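# Overview (structure and organization)
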Amino acid sequence: MAEESNVRASTPEEAVARIAYLSSDVVVSVQPSLASESEFSKHLKSYAARKDASLVAKSADTVPEIVSIRHNNDPLLSVFAPIRSGRLVSVTASSSILLPSIAHLYKLANLPVVLHVSLSPRSSPDYSAITSIRNSGWTFLQSQSLQEAQDMALTAHALAIRSGKGVIHFFDASSSGTGSVVAGDASVVRELLNLDSVRRFQAAPLSGSTVYADDGHVAVVADQPERLTNGAVRAVGSPANEIDSASLAGASHVSSKSSQLSGTSSPSSVSAATTIEPAAPLVSSEDIYKYVTSIWARLSELVGRQYSPFEWTGSAKAESALFVFGADAALLSGLIKNAQSGDKFANAGVITARLYRPWLGAKLLAAIPRSVKKVAVLEQVLRKTTKWGPLLIDVLTSIKSSAGGVETIVGYQLGYISRENARQALEEVFENLNAEKPVQNLEIGRREQPQPTSEFALEKPKLETAYTKILDQLFGSRVYIANSLDKENAGVSETISATPEYGFGALLARKERKQRFVGEVKEAASNGRFLTDAPKRALASWVSGAGDAKKADEAAEKVISTLGIDNSRLSRSLLENKSFFRKESLWLVGSDAWAYDLGNSGVHHVLASGENVNMLIIDSTPYSERAAADANRRKKDIGLYAMNFGNAYVASTAVYSSYTQVLQALDEADKFNGPSIVLAYLPYFGEHESPLTVLRETKQAVDIGYWPLYRWNPDNEKKGLPSFSLDSEHIKKELKAFLDRDNQLTQMMRKEPQFGAVLSEDFGTEIRAQQKRKAKDAYNQLLEGLFGAPLTILFASDNGNAQSVAKRLGTRGRARGLKTTVMAMEDYPVEDLPNEENIVFITSTAGQGEFPQNGKPFWDAIKDNTELDLASVRFSVMALGDSHYWPRKEDRIYYNKPGKDLDRVLSNYGAKRLADIGLGDDQDPDGFQTGYQEWEPKLWEALGVANVEGLPEEPPPITNEDIKLASNYLRGTIVEGLQDKSTGAISAADSQLTKFHGTYMQDDRDIRDERKAQGLEPAYSFMIRCRLPGGVATPKQWIQMDDIATQLGNETMKLTTRQTFQFHGVVKGKLKPAMQAINRALMTTIAACGDVNRNVMCSPLPAQSKYHREVYACSQKISDHLLPSTTAYHEIWLTDDNDKKTQVAGDAVQDFEPLYGPTYLPRKFKISIAIPPHNDVDVYAHDIGLIAVKGKDGHLAGFNLLAGGGMGATHNNKKTYPQIGRMLGYVEASEVHIACEKVMLVQRDHGDRKNRKHARLKYTIDDMGLDVFRGKVEELWGKKFQEQKPFHFDSNVDTFGWTKDETGLNHFTFFIENGRIEDTADFQMKTGLREIAKVHKGEFRLSPNQHLLLSNVADEDVPALKALMAKYKLDNIQFSGLRLSSSACVAFPTCGLAMAESERYLPVLITKLEGCLEENGLRQDSIVMRMTGCPNGCARPWLAEVAFVGKAFGAYNMYLGGGYHGQRLNKLYRASIMEEEILAIMKPMLKRYALEREEGERFGDWTIRAGIIKATTEGRDFHEGVAEEESDEE
Ligand code: SF4
């Protein structure tokens, strides 16, 4: 902090924040939420960001710690730990936290904490927050202007240090005036704080006490000699009269235990010069007075401003006085000062309390002129709890008990006063005061307040409504939430009505009311006067079933309608409470703040009551925040607490993890007859958190077991079912202990032994160190027998690459006669490093240029280790990384950073380089091998083993081709892998093979890092893709698919760009059941992925059903014809585990692949069929594209056949490119499957099997030339392609809404954003489609753009379906043209290749563009925009008019100029741009397009005409003339 302070503070909070910052080691900043700043916190944080030092810090440059706590998160709990460890703590907060913190206030009163409180609500503060806690033992100081706020803040800190007691400094920020003051001058602050006392406090932490046990600590008068203000030295801590005599002296603080007060030992640092007393006296109000006056005296000397405990404004001869305890003292005294002689309030004065507690009655008397006869006491206490105002009682006791001149004291309740009504208010006060019999408790000012703008307004996070929406959906009008924030509760403030106690009371009242209602109904049923007979019967039947929810609900409808018809007075009166006829589902909704104090929060009361009441408790602490939380803040596990109670239903849920489980839990809670507690996880940092963050946080928390998903139903025991069901994989230790005790776990462990394993591994670090030592010694012994120089190879590896390079290097070293050791860096004992002769490091690069997990401990141990002397060590480093991983220039330093750091540090410690660092770059033509192959020979050279004779031949690396060949027609060791329960994974070779069976292994990338940090393997699961030619499914199949997703997958399914169903999140144990379920649905997954012909696509064509049927039949024919013949699929997936019986027919005696042979195709192979004028299948993007040609008779005649389209490419690798299919010619429909087969066979035999990046058909054709290729196909086929037939395409997007086909059947195209079928609290899409499938008689067609068609609906069925669609909001197609024409691939979290978000991000990006579309009149215009997470191109981005392809997390390459109907590839426009740049480019570009486009001109065409991008004529010029080069040197 600069000594000279010319900085100005313009609000009281700013002035206070500055003083608090300078005078504290820790500032607890209480905020509305962690994402929204308070008026204090924004200043505190800016000082901390500037690294301003605190004046009380032990070292000159220490920055105070700013601890941000949410206002409803028990903020004062965070004070205990630091203050007890000898750190000075202050708190900045609004007064709304005071009452809920009352228990802490009592405990903190005897510690030198300073609490700066801004009164709330801001525009009309309620001083009852202060008066209610006036007897908590704290000292209270009040300030009333900006300058005073600063001075009292300083006084508060100085006083806390001197007295050892807590000080609350409160002020009303809105009436503190405007302007600015010179912000706290450091020299003044330092002078007043008394640093000697500060040091003594900091040097004597309180030990051995806990937050929850009162250790009896009290503040005592200090006993150290302290400098007097005039420089003399006196002994403080002497008897009180001595303190009196030295009234200007400050006193230092020493903490003491109460036991010491009566014990024989005196406080430890007693000065030899003082008289030793048996105990230091407790700090009295007199002491406080002395301290504060001495502080003010010094302040006056330094700055010239004077203060006293009570302050009088007005004439010394005044006859009456106003004692104002409220926001408007300055306003009122201004009016009095300027009063005219005729005014009722002329000749009055105003008194205010500066030191409110301790209350010094004698000083008050002294402050009031003796001429004053009448005193009006004005208190701004809005929430009155006593008949007489607290201040009135203070004043009465002080004045009446003394012999002053005051005769009358009248109390008033001060309401809201503005400039306009202040004068009138004053007149009222004085009229009453001067009356013969003044009225007590008169209300002055307006009762109704202006809209409060409290900085701590209760704000519900937007996302929190997810759970309440589910309550609504489940229980509809039956749900009754007793304490919702938005409920009108007459006369009860929002803060109170939202509390659980209030809600619980309200629920009980509601239940009583219902009981009374039942009584009323009974009475009405027997004796009521109705106009008709029906009501009595209906009511009697309702009463008999009133206790049973189901019966009551059934009877309710009848009763309500009968009463409605009757319409008598009695009927009408009963109907006023008609909601009571249904069984209500009673809910209390609360937050995790309740978890800090279960006793007081109401949780305990609900449980203890045994009442049938449901609580929904939303916990919003993000998983990643909990790690940083104060260890002393002990949030209790409400679930555990409730389960221990034994009588409650308990569930722990997370809507962003399992929607179905939430539904189940809420439903069970509702049915449970007793208290139910449903804990709901919804982590967020700020009120407007993005769902993506909430999703990621939830997944981490659930996966790691921080937030387990479970349900505990005590009723189940009676039914012989287990009470506990664990719905997630992991569980907390505490919960496990509980279950152990409850004997439930024993049963469960028996059932699922893997359950406990994850909990038990906990090695001490010492044991681990010993293990390292032992392992290395044993290995060294082994090596003893070998000759040659030693070589230690250490690796740090995340994905196994560096590890296998290290192992191979080790093998080669051994072959060269070196004594070679290979181990992970984390297993290496660092103390051995100086003794190494030759050591080599191979490290890959993780995260933001960090060491991989298993290299971190080693790096941490050496990086700042100044003791390491490596003079005799020779070393070399090989670093592996990706120079394009970081999109921004300034982040390029992260490229191979761990390796470079290691190289530098080792050299600094004196080690000599064997060879210069090698840099392996994934972007090089041969990936990291390019750099590695240069480096390794240099190493052998330096070790003198470069030219060793007779080295054994190394086996070549295993390729995909080898795997296929060795797999015995795709069997590999898949069966064995599935049986291995020790891991969720299968072997690398098997994961290549399972692709041929339609399933990939993936892992959840949202939680990958967290699991690694926990030492767990990645969260492996499988993606399963069905084979569904043409994307046509029956309604029954739809339901079956829905079941599979819910029961065996992650509760969602994806409709893919290849018109099929895809499931994600299927864990290994459920893989086989899922495959069998698919098979039972008469579908298969065989050859849905892998190096074979995949699902054959076909335009869904709703408008021409007959024609569609003919073309669709061709797609089935081609699909069947090209299916692999291996029986491995049946053998692995469809046999039953015990007797190996296959469940479907199809066993062949011997495997033989007539089309594919043992090595199948070099790469994947895709076929699609377009029906002009729709190119919705993107016919140019596939290995074979078939364009249907209609004959003159209106039937299918044949196809134009395109070959060699393909999307996959690699960033920065110009040898790879997307390509469009080229025309081979026309074939008859009857022969199309044969023509396709021949094209595939030529590819089988001529495709590149060495380089998978060059293996697709497009490269084969480009290398061979189109004519040569065509010739080879024709030769094999023995026929020639005919001349192509004319065709025409209009677009490649879907047409949404209803269509009628030529047969009169109806079709509806739903908009399914990015093909994801799921339920959310807002949109029950999955449930809705299931309900539709239950009644639909036609078929479903999946569109190639990931949408869905409800096909073949007869006219008479339309209304019912329309009603269902409306009910589930599935009929909504009112989206922007851009959104309707967009599509994205899956990418994060499941796709292993994803570099950036896609499916989860594209909708967000479009939303951000829609405003601009609207402004430019483009809302209805179709612009094809696509996004993928990597250049593999699953959503066919290269054919879009505008595309974004993931480059790194948050960064995309942008492409422009694709053809609207998929006929032209686009071209790179900008590389590695992030959202801000995307928007900055797109918005003006869209505007320009709107202005410049010609009639009917498409966006892609316009970008070319406008010269923004060059046209790409075919794949080979994709990299030519790009608008921005992707330079390595960016
Ligand atoms: S395009 Fe890339 S990121 Fe997207 S799903 Fe395909 S492979 Fe994954």
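Residues numbered from 1 in each chain as written. Predicted model: local features only at pLDDT ≥ 70, side-chain atom pairs only at ≥ 80, totals over all residues. Heavy atoms only, no water.

An unreviewed UniProt entry annotates the chain as Sulfite reductase [NADPH] subunit beta of Echria macrotheca. Quoted verbatim from the Subunit (unreviewed entry) field of UniProt, the annotation for the chain is "Alpha(2)-beta(2). The alpha component is a flavoprotein, the beta component is a hemoprotein." Its UniProt record, at the heading Catalytic activity (unreviewed entry), says of the chain: "hydrogen sulfide + 3 NADP(+) + 3 H2O = sulfite + 3 NADPH + 4 H(+)". (UniProt positions renumbered as here; feature names shortened; annotations may be inferred.)

## Considerations on the sheet that holds strand E4 (residues 89–94)
Read from one edge to the other, the open sheet built from 7 strands follows the order E3-E2-E4-E5-E7-E6-E16, with strand pairing classed as mixed. The open sheet has two edge strands with one neighbour each: strand E3 (65–70) and strand E16 (355–357). Each strand of the sheet is rotated relative to its neighbour by a mean of 20°, with strand direction disregarded. Sheet analysis places strand E2 (residues 26–31) next to E4, joined by 4 bridges and oriented parallel. Counterpart to Val-28 in the pairing with E4 is Val-91. Along the sheet face, helix H3 (residues 77–84) touches E2, E3 and E4 and points at about 165° away from the line of E4. (Pairing = 2+ DSSP bridges. Helix = DSSP H or I, 4+ residues; strand = E, 2+ residues; numbered from the N terminus. Axes fitted to C-alpha atoms, helices over the stretch in contact; angles between N-to-C directions. Contact = heavy atoms within 4.5 Å.)

## A few points about the packing of aromatic side chains
Counting across every chain of the model gives 48 aromatic pairs. Here Phe-517 and Phe-580 contribute two aromatic rings whose centre-to-centre distance is 5.4 Å and whose plane-to-plane angle is 40°, an arrangement assigned as tilted. Placement of the pair is Phe-517 in helix H18 (residues 500–527) and Phe-580 in the loop between helix H21 (569–575) and strand E21 (585–591), with a sequence separation of 63 residues. On the accessibility criterion, Phe-517 (0% relative accessible area) is buried. Aromatic ring contacts, followed pair by pair, group Tyr-127, Phe-140, Phe-170, Phe-310, Phe-323, Phe-325, Tyr-356 and Trp-359 into a single cluster. (Phe/Tyr/Trp six-rings, centres within 6.5 Å; stacked < 30°, edge-to-face > 60°. Buried < 20%, exposed > 50% of the residue type's maximum accessible area, 1.4 Å probe, protein only.)

## A word on the nonpolar core
Grouped together as the largest cluster of nonpolar side chains are 100 residues, with contacts concentrated most on Trp-1038, Phe-1061, Phe-1063, Leu-1186, Phe-1199, Val-1239 and Phe-1310. Considering each element in turn, this core owes the most residues, 7 residues, to helix H45 (residues 1232–1246). Not counting residues up to four positions away in its chain, the partners in contact with Phe-1310 are Phe-1296, Leu-1329, Ile-1332, His-1347, Leu-1348, Leu-1350, Met-1365 and Leu-1370. Grouped together as the second largest cluster of nonpolar side chains are 98 residues, Leu-159, Val-283, Phe-310 and Val-395 included. (Core = buried A, V, L, I, M, F, W, Y, C linked by side-chain atoms within 4.5 Å.)

## A few points about the site of the ligand
Near the ligand you find Cys-1385, Val-1386, Ala-1387, Cys-1391, Leu-1393, Ala-1394, Thr-1428, Gly-1429, Cys-1430, Asn-1432, Gly-1433 and Cys-1434, and these make up its full shell. Per-class residue counts for the shell around the ligand are 8 nonpolar, 4 polar and no charged. (Near = heavy atom within 4 Å. Nonpolar A, V, L, I, M, F, W, Y, C, P; charged D, E, K, R; others polar.)

## Examining the sheet that holds strand E49 (residues 1425–1428)
Ordered by their spatial adjacency, 5 strands build an open sheet running E48-E49-E50-E51-E52, and the pairing between neighbours is mixed. If you trace the sheet from one side to the other, it starts and ends with strand E48 (1382–1384) and strand E52 (1467–1473), each paired once. Within this sheet the neighbouring strands show an average axis-to-axis angle of 15°, counted without direction. Relative to E52, strand E51 (residues 1451–1456) runs antiparallel, the two sharing 4 bridges. Note on E52: the bridge partner recorded for Tyr-1455 is Leu-1468. Of the strands in this sheet, E48, E49 and strand E50 (1442–1448) touch helix H51 (residues 1402–1415), which is tilted by about 145° from E49. Running over the sheet, helix H52 (residues 1475–1492) touches E49, E50, E51 and E52 and is turned about 140° from E52.

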